[in-house]
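Chains, contacts and geometry: an overview
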Amino acid sequence: MKVIITENYDEMSQKAAELIIDIVKKNPSAILGLATGSSPIGTYKNMAKAYENGEVSFKNVSSVNLDEYVGLTADHDQSYAYFMKTNLFDHIDIDQKNTNLPSGSAPDCQKECDRYNALLDEMKPDVQVLGLGSNGHIGFNEPNTPFDSVTHLVDLTESTIKDNSRLFNSIDEVPRQALSMGIKNIMQAKSILMVVSGKNKAEAVKGMVKGEITPALPASVLQLHPFVTVICDKDAASLL
Ligand code: GLP
């Protein structure tokens, strides 16, 4: 696991975007595994800037996203589909037909998970972007999710509901369930890029980088992947 410590969020975002852009320059039809949350927003801004400056094209890139809330349609402003459109896809030349997320409004969750798993068998990301939950979750794989899990329906923990409530009008509006790639799906990516910032993540970062490898801290599984780059700011790295 390669750990790069940056001065702040902006430097983290710059470096993360450079790594992704480099992959796309080398392989213009790369598959990008993408994540939502506050952590990658700056990374996506820098990717959009690089596209606007003519530095890179995402025309032939395709993408798979980690997760989606259950019960939100793609046009709901808190859905991850909406997040991806407004924070990245609308600002680059990716063909939106080639972008994929699990659907939170599918009538049959299990069928939707099966569809997504079949898709992921065909589409192994060249790089999977990840953020880190303050309880060590990746995607929406909450503590004690088995390492061999694939895309599944998740009951969100109280701590995740609370963390994510800042983005909703009230905590009651936060969906209680989500569909998430499983840990096995995430580990199948050719490389992994984790972006983390802030003091509230320091404990989880410590466990991920040098703690015991245990489902109690899902991100610790990344110690078993051969190509992981963690880019974190000084605050997130403060317990390393
Ligand atoms: C959410 C997402 C994760 C994300 C995490 C951290 O629960 N499902 O994919 O990495 O929270 O979010 P943030 O970057 O906003 O701290």
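All values reported here derive from a predicted model rather than from experimental measurement.

To continue, consider the packing of aromatic side chains. One pass over the full model with this rule turns up 4 aromatic pairs. Arranged with centres 4.8 Å apart and planes meeting at 40°, the rings of Tyr69 and Tyr80 form a pair that is tilted. A residue pair is termed long-range when its members are at least 10 positions apart, and Tyr69 in strand E4 (residues 67–69) and Tyr80 in helix H3 (residues 80–87) qualify at 11 residues. For Tyr69, a relative accessible area of 2% corresponds to the buried category.

Let's shift gears to the sheet that holds strand E7 (residues 152–155). Consider a sheet: its strands pair through backbone hydrogen bonds, and that pairing is either parallel or antiparallel. In space, the 3 strands of this open sheet follow the order E4-E8-E7, with antiparallel pairing throughout. A single partner strand is all that each edge strand has here, and the edge strands are E4 and E7. For this sheet the average axis-to-axis angle between neighbouring strands, irrespective of direction, equals 25°. The pairing of E4 with strand E8 (residues 177–180) spans 3 bridges and is antiparallel. When the bridges of E8 are listed, Tyr69 appears paired with Ala178.

Okay, the pattern of salt bridges next. According to the stated counting rule, one finds 8 salt bridges in the structure shown. Across the salt bridge formed by Lys15 and Glu11, the nearest N and O atoms sit 3.5 Å from each other. Within this pair, Lys15 and its partner Glu11 are both found in helix H1 (residues 9–26), separated by 4 residues, close to a single helical turn. The class of Lys15 is partly exposed, set by a relative accessible area of 31%.

Turning to the environment of Ser180, a few remarks are in order. Its location among the elements puts Ser180 in strand E8. Look at Ser180 and you get buried, because its relative accessible area is 0%. In the structure, Ser180 is positioned 101 residues away from Ser79 in sequence and 13 Å away in space, judged by C-alpha atoms. Not counting chain neighbours up to four residues away, the residues in contact with Ser180 comprise Leu66, Asp67, Gly139, Phe140, Asn141, Val150, Thr151, His152 and Val154. Within the structure, the side chain of Ser180 is placed 2.9 Å from the backbone nitrogen of Phe140, a separation counted as a polar contact.

Ser38, Ser39, Asp67, Arg166 and Lys201 are the nearest of the 14 residues found near the ligand. Gly139 is positioned with one of its backbone polar atoms (N or O) 3.2 Å from a nitrogen atom of the ligand. In this structure, Arg166 approaches the ligand through a side-chain N or O atom, which is 2.8 Å from an oxygen atom. Within the complex, the protein chains bury 93% of what would otherwise be the 390 Å² of accessible surface of the ligand. Across the shell around the ligand, the residue classes break down as 3 nonpolar, 8 polar and 3 charged.

A contiguous nonpolar surface patch, about 300 Å² in accessible area, is contributed by Met1, Val3, Ile5 and Leu240. With respect to the helices, strands and loops of the structure, Leu240 is situated in the segment after strand E10 (228–233).

Attention shifts here to the environment of Leu193. Its place among the elements puts Leu193 in strand E9 (residues 192–196). Its relative accessible area of 1% is what places Leu193 among the buried residues. Taking C-alpha positions, Leu193 is 4.8 Å from Val129, a pair spaced 64 residues apart along the chain. Residues within four places of Leu193 in sequence aside, it is in contact with Ala16, Leu19, Ile20, Val127, Gln128, Val129, Leu130, Thr229 and Ile231.

Right, let's get into the pairing of strand E2 (residues 31–34). Where burial is concerned, the two faces of E2 agree: the one with Ile31 and Gly33 and the one with Leu32 and Leu34 are both buried. Taken together, the 4 bridges between E2 and strand E3 (residues 62–65) define a ladder with parallel strand orientation. Residue pairing for E3: Gly33 is matched across the bridge by Val64. For the crossover that starts at E2, traverses helix H2 (residues 41–52) and ends in the parallel E3, the hand is right-handed. Where E2 and strand E6 (residues 127–130) come together, 2 bridges link them in parallel fashion. The residue bridging Gly33 from the neighbouring strand is Gln128, located in E6.

Criteria and cut-off values
Residues numbered from 1 in each chain as written. Predicted model: local features only at pLDDT ≥ 70, side-chain atom pairs only at ≥ 80, totals over all residues. Heavy atoms only, no water. Phe/Tyr/Trp six-rings, centres within 6.5 Å; stacked < 30°, edge-to-face > 60°. Helix = DSSP H or I, 4+ residues; strand = E, 2+ residues; numbered from the N terminus. Buried < 20%, exposed > 50% of the residue type's maximum accessible area, 1.4 Å probe, protein only. Pairing = 2+ DSSP bridges. Axes fitted to C-alpha atoms, helices over the stretch in contact; angles between N-to-C directions. Salt bridge = Lys/Arg side-chain N within 4 Å of Asp/Glu carboxyl O. Contact = heavy atoms within 4.5 Å. Polar contact = N/O pair within 3.5 Å; in protein donor to acceptor, adjacent residues only side chain to side chain. Near = heavy atom within 4 Å. Areas by Shrake-Rupley, 256 points an atom, 1.4 Å probe, with all protein chains shown as cover. Nonpolar A, V, L, I, M, F, W, Y, C, P; charged D, E, K, R; others polar. Patch = residues over 30% accessible without salt bridge, like charges linked within 9 Å, V, L, I, M, F, W, Y side chains within 5 Å. Right-handed = clockwise from strand over helix to strand, strands pointing away.

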